[in-house]
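Listed below, chain by chain, are the residues.
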Amino acid sequence: MADPQATPPDVPEELLALRHQIDTLDRDLLALINRRAALAQAVGEIKKKEGSVVFRPEREAQVIDGLKAVNPGPLKTESIAPIWREVMSACRALETPTRVAFLGPAGTFSEEAALGFFGSSIVRVPCASIDDVFRTTAAGAADFGVVPVENSTEGVVARSLDIFLTTPLFIIGETSLFVRHNLLRKENQLEGIEAVVAHPQALAQCHGWLSAHLPQVERRPVSSNAEGARLAALDPKLAAIASARAGSEYGLHLVAPAIQDDTHNRTRFAIVTDPHRHPMPRASGHDCTSLVVSVSNRPGAVHDMLVPLKQHGVSMTRFESRPARSGQWEYYFYIDLQGHPDDPQVATALRELRGACAYFKVLGTYPLDVH
Ligand SMILES: O=C(O)C(=O)C[C@]1(C(=O)O)C=C[C@@H](O)C=C1
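Residues numbered from 1 in each chain as written. Predicted model: local features only at pLDDT ≥ 70, side-chain atom pairs only at ≥ 80, totals over all residues.

1. Let's talk about the overall build of the protein chain
Argument step 1. Summing up its helical and strand segments, the protein chain has 12 helices and 15 strands in all.
Argument step 2. Overall size of the protein chain, expressed as C-alpha extent along the three principal axes, is 80 × 60 × 35 Å.
Argument step 3. Within the protein chain, buried positions represent 36% of all 371 residues.
Argument step 4. Taking the contacts inside the protein chain whose residues are at least 6 apart along the sequence as the reference set, 74% of them involve residues at least 24 apart. (Helix = DSSP H or I, 4+ residues; strand = E, 2+ residues; numbered from the N terminus. Buried ≥ 20, exposed ≤ 12 C-beta atoms within 10 Å, placed from the backbone. Contact = placed C-beta atoms within 7 Å.)

What follows is the structure, given as structure tokens:
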């Protein structure tokens, strides 16, 4: 039998020499990464003695920011974050397992967001619904939960925002993904599809394409896109809308790629945890603080509430309203501020803002997503 490692006779000498250098460097890299892993293990021992938590999102953000600042190239700066996230994920796993809950089953965009944020050395805890992600994390069956909060085409994920009002969990990180929807099916053709099964948000995000290419076909909402892919694997008359990863997970053909109406379609996810088990991240230098507030129903109340932000030079990067369901035209406002409550200006602005609100809750403070 032929040796799969053997070099084919027609490979030029020059290429062989370069590959030899790559092999040598890879061994050096492996040795270096192992030295790094041993240091992380030593950090883990200290943390165990102190009883402090292993995952430090602000430290991981600083490590990545620091490397991006000194990257001499030719490696692209945007390649740094995914590589070091994986390295730190593997190092973290030597300190302790990280259990992460997300909207399952396997193959969802939520799972992809979890892997993008924590790296692949995690224990995956797929959940049946967004509510279940919060419940599982609050019950301690997962250390962290990943929940979608906003989509660039469809707007807010209302269920997540509503749960934020009452959950004891808080946000310690954020991450966002380019969402690419594909039409997936057991048979590699558009003919003979009886229904397209997907999460309602995905059906909405592909409305234009579905109307143009499958105008007569039923659109059937299901709990997640990966669940749709699972169903499409069982029934050849169904087509799913899901990620390419879900397609390979369930053995489906990619009948039509990238069918979302907006090519810049992005979804933003929040990483939540139990504040009794995980402290609020310390300031990383590039932080965001998320709040939900309400004000009394009187003219000028919203304006007055925002005055302290302007006075103390704190930037607001997001302002979202949701009906309070009181029947009184009252609203909750979801606000993202730039900065950390340890910054004196942010602390003062928050204190004054709180004084102007009927309801005030800090949802979390965390390092900005680093790419
Ligand atoms: O610096 C630490 O606290 C570590 O545990 C090491 C390390 C790393 O691999 O760099 C791993 C996990 C933490 O989330 C942050 C960083």
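2. A short note on the UniProt feature "site: Essential for prephenate dehydratase activity" (unreviewed entry) in the protein chain
Argument step 1. Taking the UniProt record as the reference, the feature "site: Essential for prephenate dehydratase activity" (unreviewed entry) is found at T267.
Argument step 2. With respect to the element layout, T267 can be found in strand β11 (residues 266-273).
Argument step 3. Residue class for T267 comes out buried when judged on the 23 C-beta atoms lying within 10 Å of it.
Argument step 4. Leaving out residues up to four positions away in the same chain, T267 has contacts with F109, P148, N151, S176, L177 and V179. (UniProt positions renumbered as here; feature names shortened; annotations may be inferred.)

3. Some details on helix α4 (residues 109-118)
Argument step 1. Most of α4 sits out of view: 9 of its 10 residues are buried.
Argument step 2. Taken as a whole, α4 has its buried residues at F109, S110, E111, E112, A113, A114, L115, F117 and F118.
Argument step 3. Two residues or fewer after α4 comes G119, characterised by a positive phi angle close to 80°.

4. Quick notes on the environment of K68
Argument step 1. Topologically, K68 is positioned in helix α2 (residues 57-70).
Argument step 2. The class for K68 is partly exposed, based on 16 C-beta atoms found within 10 Å.
Argument step 3. For the pair formed by K68 and I80, sequence separation is 12 residues and the distance between their alpha carbons is 6.5 Å.
Argument step 4. When neighbours within four sequence positions are excluded, K68 is seen to be in contact with T77 and I80.

5. Regarding the site of the ligand
Argument step 1. In the neighbourhood of the ligand, the contacting residues comprise A40, V43, V54, F55, R56, R59, E60, V63, M88, C91, R92 and E95.
Argument step 2. Secondary-structure elements contributing two or more residues to the shell around the ligand are α1 (13-50), α2 and α3 (77-95).
Argument step 3. It is α3 that provides the largest number of residues to the shell around the ligand, a total of 4 residues.
Argument step 4. Its residues assigned to classes, the shell around the ligand shows 7 nonpolar, no polar and 5 charged. (Near = placed C-beta within 6 Å. Nonpolar A, V, L, I, M, F, W, Y, C, P; charged D, E, K, R; others polar.)

6. Some points on the sheet that holds strand β6 (residues 182-185)
Argument step 1. One open sheet accounts for 5 strands, arranged β8-β7-β9-β6-β10; its pairing is mixed. Strands with a single pairing partner mark the edges of an open sheet, and in this sheet they are β8 (218-221) and β10 (253-256). With direction set aside, neighbouring strand axes in the sheet form an average angle of 35°.
Argument step 2. In terms of strand pairing, β6 meets β10 through 3 bridges, oriented antiparallel. Across the sheet, the residue bridging to L183 is A256, located in β10. (Pairing = 2+ DSSP bridges. Axes fitted to C-alpha atoms, helices over the stretch in contact; angles between N-to-C directions.)

7. Some thoughts on unusual backbone geometry
Argument step 1. Following G73, the chain continues to P74 via a peptide bond in cis, the omega torsion being 5°.
Argument step 2. In this structure, P74 sits in the loop between α2 and α3.
Argument step 3. Geometrically, the link from G104 to P105 is a cis peptide bond, its omega value of 0° lying close to zero.
Argument step 4. Here P105 is to be found in the loop between β1 (99-103) and α4.

8. Description of the pairing of strand β2 (residues 123-127)
Argument step 1. Both β1 and β2 contribute to a ladder of 5 bridges, which runs parallel. Paired with R99 across the bridge in β2 is V123.

9. Here's the deal with the nonpolar core
Argument step 1. V100, A114, V146 and V272 are the most contacted members of the largest nonpolar core, which has 49 residues in total.
Argument step 2. It is α4 that provides the largest number of residues to this core, a total of 6 residues.
Argument step 3. A domain-level breakdown of this core finds at least three residues from each of domain 2 (99-179 + 266-273) and domain 4 (287-367).
Argument step 4. Every residue in contact with A114, bar those within four places of it in the chain, is listed here: V100, F102, I122 and V146.
Argument step 5. Membership of the second largest hydrophobic core comes to 24 residues, among which are L184, A202, A239 and V255. (Core = buried A, V, L, I, M, F, W, Y, C linked by C-beta atoms within 7 Å. Domains from an automatic or database assignment.)

10. Remarks on the confidence of the model for the protein chain
Argument step 1. Residues of the protein chain with pLDDT of at least 70 account for 98%, and the chain-wide mean is 93.
Argument step 2. The lowest-confidence element of the protein chain is strand β4 (residues 155-156), averaging 86 in pLDDT; the highest-confidence one is strand β7 (residues 195-198), averaging 98.
Argument step 3. Two summary scores accompany this predicted model of the complex, namely pTM at 0.88 and ipTM at 0.99. (pLDDT = per-residue confidence, 0-100.)

11. Side note on the domain arrangement of the protein chain
Argument step 1. Split by domain assignment, the protein chain resolves into domain 1 (27-94), domain 2 (99-179 + 266-273), domain 3 (182-256) and domain 4 (287-367).
Argument step 2. Taking only C-alpha atoms into account, the centre of domain 1 sits 23 Å from that of domain 2.
Argument step 3. Top element by residues in the side of domain 1 that touches domain 2 is α3. It accounts for 7 residues.
Argument step 4. When the residues that make up the side of domain 1 that touches domain 2 are grouped by side-chain class, the tally is 4 nonpolar, 1 polar and 3 charged.

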